[in-house]
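Read off the chains here:
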Amino acid sequence: MVSNNSNKQSKQSAVQLFLKSLQIVEEYGSLIAFMIMIILVNLAIFLRITINFESSSWEEIARFSSIWMYMLAIAVASQEDSHLRAGFLEKYIHSDKKKYLLEIIFKVIMIICIFIFIWWSIEQIKWVFETKQKSLVLLIDMWLVYLAFVVGGFFALIHTIYSLYYYSQKYLQSFEEVIR
Amino acid sequence: MNSLLIMGLYILLLIFLIFIGLPLFACFAITCFGMIYSFGLRTDFTIPAIFVNLNSFTLMAIPFFVISGGLMAESGMSKMIVNFINSIIGKIKGGLGFVLIVSCGFFGAITGSSGAAISAIGTAILPEMDQYGYPRNYSTALLACSGLLGQLIPPSIPLILFGMITGTSVAACWLSTVIPGIILIIIYGIINYVQCKNNFQIKDIEGFSFGKLLISVKKGGFSLLFPVIVLGGIYSGLFTPTEGGAVGVAYAILVGFIIYRSLNLKKFFSVVKDTISITGCIYFIIMFILIISRIFTLERLPMMLAEAVMRLSSNRVIILLLINIMLLIIGMLMDDISSMLICAPLLFPLFQQLGVTPIQMAAILAINQGTGMLTPPVATNLFMASRVGKVPVASFIRYTMIYLIFGNIPVLLLVTFIPQLSIWLPKIILYR
């Protein structure tokens, strides 16, 4: 019994550690991408105004950074479970048990949607890889940019699955409370 | 089945999903999957449809304006704006109400979002309005309505999306709502004056003093310069709207860290994290709407809709009124960004057939969606103002309706039937 409990605890702490490291990657990754965007755009303006120097390569890097930033930001929003919603059904549900059940259904739908999105992204990367697409200015391999869709989507999927687990636990706990 | 009918059914499904509270990105994703299945489309166009639009320099402006608004609010700028405007117009009857209206418009010139204006200005001015005898439910209603000005006075986030989708100049779209925004400020000011004169016992504020004005300018001068630098740079042709956003971020960092010293790294990272989270929420929705928008184009749905509506009536006035009613209903059911992304591509050909220019269309859509944010069930501005004002929506909605009926609706009709109100300013500034 004791060994079962300690196994369960060590598994839980491993999951927590994994999620924490994922969170660090997402937050710092999106922060770095965002900073690159801000710095490059300002530098481009400064050089254009002062020494009349223009280059489209900076704009390309800023655009590709922005795509990575958007995708990691989606993972951050999933981790915080802060996706926008405008529902009213919840206001008319007073029982916690029913609220958790509704949330479980929503999470399952979200997981299916994110999974399809990742599937499409993988198909696209395969195609870009096969056709050896490169960017127009800096000739960067385009699969590196499209990879953002898979990575961001995958991170968002992990967080949503964890969120589903969390609400399932809550739902089961509410049952146990009723039995007690 | 008729393509338009299929589209109609999916829009009903979308509204149902939004209504039950499913996160918006999933509502749009399900609609998108259903449409792909019903129209028998391949899926290899989906990610390129998203990529082409995300890989755009214009779209980068959204996080830039969100973060600069956040940084300026964190630097205590909203209080400085309120003090400055109060020192000029605070003395007139219902002066603080008018200060709230103008401050929301001024803050809109920094952030481009009504939510940010409500939260920043509301926190700064509502306690003061309490002291001068304004009932909290009235001041909260005024805050909810004035928040719309944050979206009408440039920059405006929904109008960046409109410009991107329809290929219209973002700077021109922003200018299209300036005159309607100013008219709305004046009408709101008059309604506020009448309300304060007849209904409430409001204490008078001390008279205008030049010294007080100088102090407020001295204290808040750098924050008041923000719109001058950003919008001035954009409209003088020095930089594009996206570059303006990036300059705004740099300026906000400079002012917050070095000049006012009210920002520190902790506050800075907290604002950045909030911006990233907001960006993630918005862009996941945008991605699926971009696919839906591509399905519209592939199936020629906007053209079919235009033809069907034109068959209903040949009277331009009736059609425009019908479109406005439809847009108001959509605004009641969706948030501003989603409804802009759905309506702009869908109605673009119809507006063109009616002889409405894209710039005027931008203004019509912006005012409709702003008004939709004040009308339940999806009334973002009401809920946000209720949170800031700490009073339930039911307690102030009757005041909101007065502003809506006597302010928003007349301005909407004016913009719909007098094109010059929206196209004159872009014409003289950008297309001389």
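Residues numbered from 1 in each chain as written. Chains lettered and ligands numbered in written order. Predicted model: local features only at pLDDT ≥ 70, side-chain atom pairs only at ≥ 80, totals over all residues. Heavy atoms only, no water.

A.B. asks: Any chance you could break down the overall build of chain B for me, citing the residues and the numbers?
C.D. replies: Helix and strand content of chain B: 22 helices and 0 strands. Over its C-alpha trace chain B gives a radius of gyration of 22 Å, about what one expects of a compact globule, namely 22 Å for 432 residues. Judged by the C-alpha coordinates and their principal axes, chain B covers about 70 × 50 × 45 Å. Sorting the 432 residues of chain B into buried and exposed places 63% on the buried side. Of the roughly 15,500 Å² of accessible surface on chain B, 68% is carried by carbon and sulfur atoms. Charged side chains of chain B number 23 positive and 12 negative; the gap between the two group centres comes to 7 Å. (Helix = DSSP H or I, 4+ residues; strand = E, 2+ residues; numbered from the N terminus. Rg over C-alpha atoms; globule rule 2.2 N^0.38 Å. Buried < 20%, exposed > 50% of the residue type's maximum accessible area, 1.4 Å probe, protein only. Areas by Shrake-Rupley, 256 points an atom, 1.4 Å probe, with all protein chains shown as cover. Lys, Arg positive; Asp, Glu negative; His and termini not counted. Charge placed at Lys NZ, Arg CZ, Asp CG, Glu CD.)

A.B. asks: Mind laying out the packing of helix H17 (residues 316-333) of chain B against helix H19 (residues 358-372) of chain B, listing which residues take part and the relevant values?
C.D. replies: All names here are of chain B. Close contact between H17 and H19 brings their axes to 7 Å; oriented N to C, the two are set at 45°. Viewed along their axes, H17 and H19 adopt a mutual orientation that is oblique. Pair H17 / H19 crosses with right-handed handedness. Contacts between H17 and H19 involve Asn 324, Leu 327, Leu 328, Gly 331 and Met 332 on the former and, on the latter, Ile 364, Leu 365, Asn 368, Thr 371 and Gly 372. The class makeup of the residues in the contact of H17 with H19 is 5 nonpolar, 5 polar and no charged. (Axes fitted to C-alpha atoms, helices over the stretch in contact; angles between N-to-C directions. Parallel < 35°, antiparallel > 145°, perpendicular 65-115°, else oblique. Left-handed = near helix turned anticlockwise from the far one by under 90°. Contact = heavy atoms within 4.5 Å. Nonpolar A, V, L, I, M, F, W, Y, C, P; charged D, E, K, R; others polar.)

A.B. asks: How would you explain a nonpolar patch on the surface if you had to name every residue and give the values?
C.D. replies: All names here are of chain A. On the surface, Ile 24, Tyr 28, Ile 32, Ile 36, Ile 61, Leu 136, Val 137 and Leu 138 cluster together into a nonpolar patch covering about 750 Å² of accessible area. For the nonpolar patch, the element with the highest residue contribution is helix H1 (residues 2-51), accounting for 4 residues. With respect to the secondary-structure elements, Ile 32 resides in helix H1. (Patch = residues over 30% accessible without salt bridge, like charges linked within 9 Å, V, L, I, M, F, W, Y side chains within 5 Å. Salt bridge = Lys/Arg side-chain N within 4 Å of Asp/Glu carboxyl O.)

A.B. asks: Can you lay out the interface of chain B and chain A for me, pointing to particular residues and giving the numbers?
C.D. replies: Listed by partner, the interface residues are 56 residues for chain B and 49 residues for chain A. Summing the contributions of chain B and of chain A, the shared interface buries around 4,700 Å²; its carbon and sulfur component is 81%. Of all residues in chain B, the largest losses of buried area upon contact with chain A belong to Ile47(B), Phe51(B) and Ile276(B), amounting jointly to 14% of the total for that side. Two residues, Lys273(B) and Glu80(A), come together in a salt bridge whose shortest N-O distance is 3.6 Å. Applying the counting rule to chain B against chain A returns 8 residue pairs in polar contact (both at pLDDT 80 or more). Among the elements of the structure, helix H1 (3-20), helix H2 (24-38), helix H3 (46-54), helix H4 (61-74), helix H14 (241-259) and helix H15 (265-298) of chain B are those that each provide at least two residues to the side of chain B that touches chain A. Looking at the side of chain B that touches chain A, the element that brings in the most residues is H15(B), giving 16 residues. The residue makeup of the side of chain B that touches chain A, split by class, is 44 nonpolar, 9 polar and 3 charged. (Buried area = accessible area lost by both parts, 1.4 Å probe. Polar contact = N/O pair within 3.5 Å; in protein donor to acceptor, adjacent residues only side chain to side chain.)

A.B. asks: I'd like a rundown of helix H20 (residues 380-389) of chain B, residues and numbers included.
C.D. replies: All names here are of chain B. Within the span of H20, buried status applies to Asn 381, Leu 382, Ala 385, Ser 386, Val 388 and Gly 389. Viewed end-on, H20 has its buried residues packed into an arc of 165°, placing them on one side of the element. Residues of H20 that are buried in the fold lie against helix H7 (114-131), helix H8 (136-146) and helix H21 (393-417). Among the residues trailing H20, Lys 390 stands out with phi positive, at a value near 55°. (Arc of directions from axis to C-beta.)

A.B. asks: Hey, could you go over the environment of Thr375(B) for me, with residue numbers and the actual values?
C.D. replies: Residue and element names in this part refer to chain B. The topology assignment puts Thr 375 in the loop between H19 and H20. As for Thr 375 and Ile 6, which are separated by 369 residues in sequence, their C-alpha atoms are 28 Å apart. Non-local contacts of Thr 375, meaning those with residues more than four positions away in its chain, are made with Met 332 and Leu 404. Here the side chain of Thr 375 touches Thr 371 through a polar contact of 3.4 Å, landing on its backbone oxygen. Here the side chain of Thr 375 touches Gly 372 through a polar contact of 3.0 Å, landing on its backbone oxygen.

A.B. asks: Talk me through the pattern of salt bridges; I want residue IDs and the actual numbers.
C.D. replies: In total, this model carries 11 salt bridges over all chains according to the counting rule given. Put simply, Glu59(A) and Arg63(A) hold a salt bridge, and the shortest N to O gap is 3.2 Å. One end of the pair is Glu59(A) and the other is Arg63(A), both in helix H2 (residues 56-80) and 4 residues apart, which spans about a single turn. The exposure class assigned to Glu59(A) is partly exposed, which follows from its relative accessible area of 32%. Ionic pairing is found between Asp44(B) and Arg42(B), a salt bridge with its closest N-O pair at 2.5 Å. Judged by relative accessible area, which is 44%, Asp44(B) ranks as partly exposed.

A.B. asks: Can you explain the state of the cysteines? Please cite residues and give values.
C.D. replies: Residues and elements named next belong to chain B. Applying the stated criterion across every chain yields a total of 0 disulfides over all chains. Cys 173 takes part in no disulfide bond, and the closest cysteine sulfur to it belongs to Cys 343, at a distance of 15 Å. Residue Cys 173 is classed as buried on the basis of its relative accessible area, which comes to 0%. (Disulfide = S-S within 2.5 Å.)

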